[in-house]
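# Understanding the architecture of this molecule
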Amino acid sequence: MKTLKEISVGETVKVVKLNGSGPVKRRIMDMGITKGVDVFVRKVAPLGDPVEVTVRGYELSLRKADAEMIEVE
């Protein structure tokens, strides 16, 4: 299964599963990234960190480590 970190700019994907546990998973969910939501990858910084995505109508920057915990299809 692919992670959000592997998605290229301009693609829209659907969240399948959130990996991780405890406060890290809770923080990702608090940002609006939950199972079944669509995520559009807007930009990736020149060195690949962070990744800017659009979720639920707002823009959000994620670190690569956080993006790697989000499985998508």
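Quick note: structure is the one above.
Residues numbered from 1 in each chain as written. Predicted model: local features only at pLDDT ≥ 70, side-chain atom pairs only at ≥ 80, totals over all residues. Heavy atoms only, no water.

In this section: the pattern of salt bridges. For the structure on display, the rule yields seven salt bridges. The salt bridge partner of E68 is K5, with a shortest N-O separation of 3.6 Å. On the criterion of sequence distance, the pair formed by E68 in the loop between α2 (64–67) and β6 (70–72) and K5 in the loop between β1 (2–3) and β2 (12–18) is long-range, its members being 63 residues apart. Of the residues examined, K5 reaches a relative accessible area of 38% and is grouped as partly exposed. (Salt bridge = Lys/Arg side-chain N within 4 Å of Asp/Glu carboxyl O. Helix = DSSP H or I, 4+ residues; strand = E, 2+ residues; numbered from the N terminus. Buried < 20%, exposed > 50% of the residue type's maximum accessible area, 1.4 Å probe, protein only.)

It is worth spelling out the environment of K5 at this point. Sequence separation between K5 and V51 is 46 residues; the distance between their C-alpha atoms is 7.8 Å. Excluding residues within four positions of it along the chain, K5 makes contact with K64, A67 and E68. (Contact = heavy atoms within 4.5 Å.)

With that settled, the discussion passes to the pairing of strand β4 (residues 51–55). Two faces, one strand: in a regular strand the side chains alternate between the faces of the sheet. Extensive coverage of β4 is indicated by the burial of four of its five residues. Bridge count for strand β3 (residues 38–44) against β4 is five bridges, and the pairing is antiparallel. Residue pairing across strands places V41 opposite V53, the latter belonging to β4. Between β3 and the antiparallel strand that follows it, β4, lie six residues; G48 among them carries a positive phi value of about 90°. Note that β4 and strand β5 (residues 58–62) share five bridges and pair antiparallel. Across the sheet, V51 pairs through a bridge with L62, a residue of β5. Joining the antiparallel neighbours β4 and β5 is a turn of two residues, in which R56 adopts a positive phi near 55°. (Pairing = 2+ DSSP bridges.)

This part is about the environment of V15. Inspection of the secondary structure assignment puts V15 in strand β2. Looking at V15, the relative accessible area reads 2%, which means it is buried. Residues V15 and G48, spaced 33 residues apart in sequence, show a C-alpha to C-alpha distance of 20 Å. For V15, the contacting residues outside a window of four places in its chain are I33, T34, K35, G36, V37, V39, I70, E71 and V72.

Right, let's get into the sheet that holds β1. Judged by pairing direction, the sheet is antiparallel, and its six strands sit side by side in the order β1-β6-β2-β3-β4-β5 without closing on themselves. With one partner strand each, in any of the chains shown, β1 and β5 form the two edges of the open sheet.

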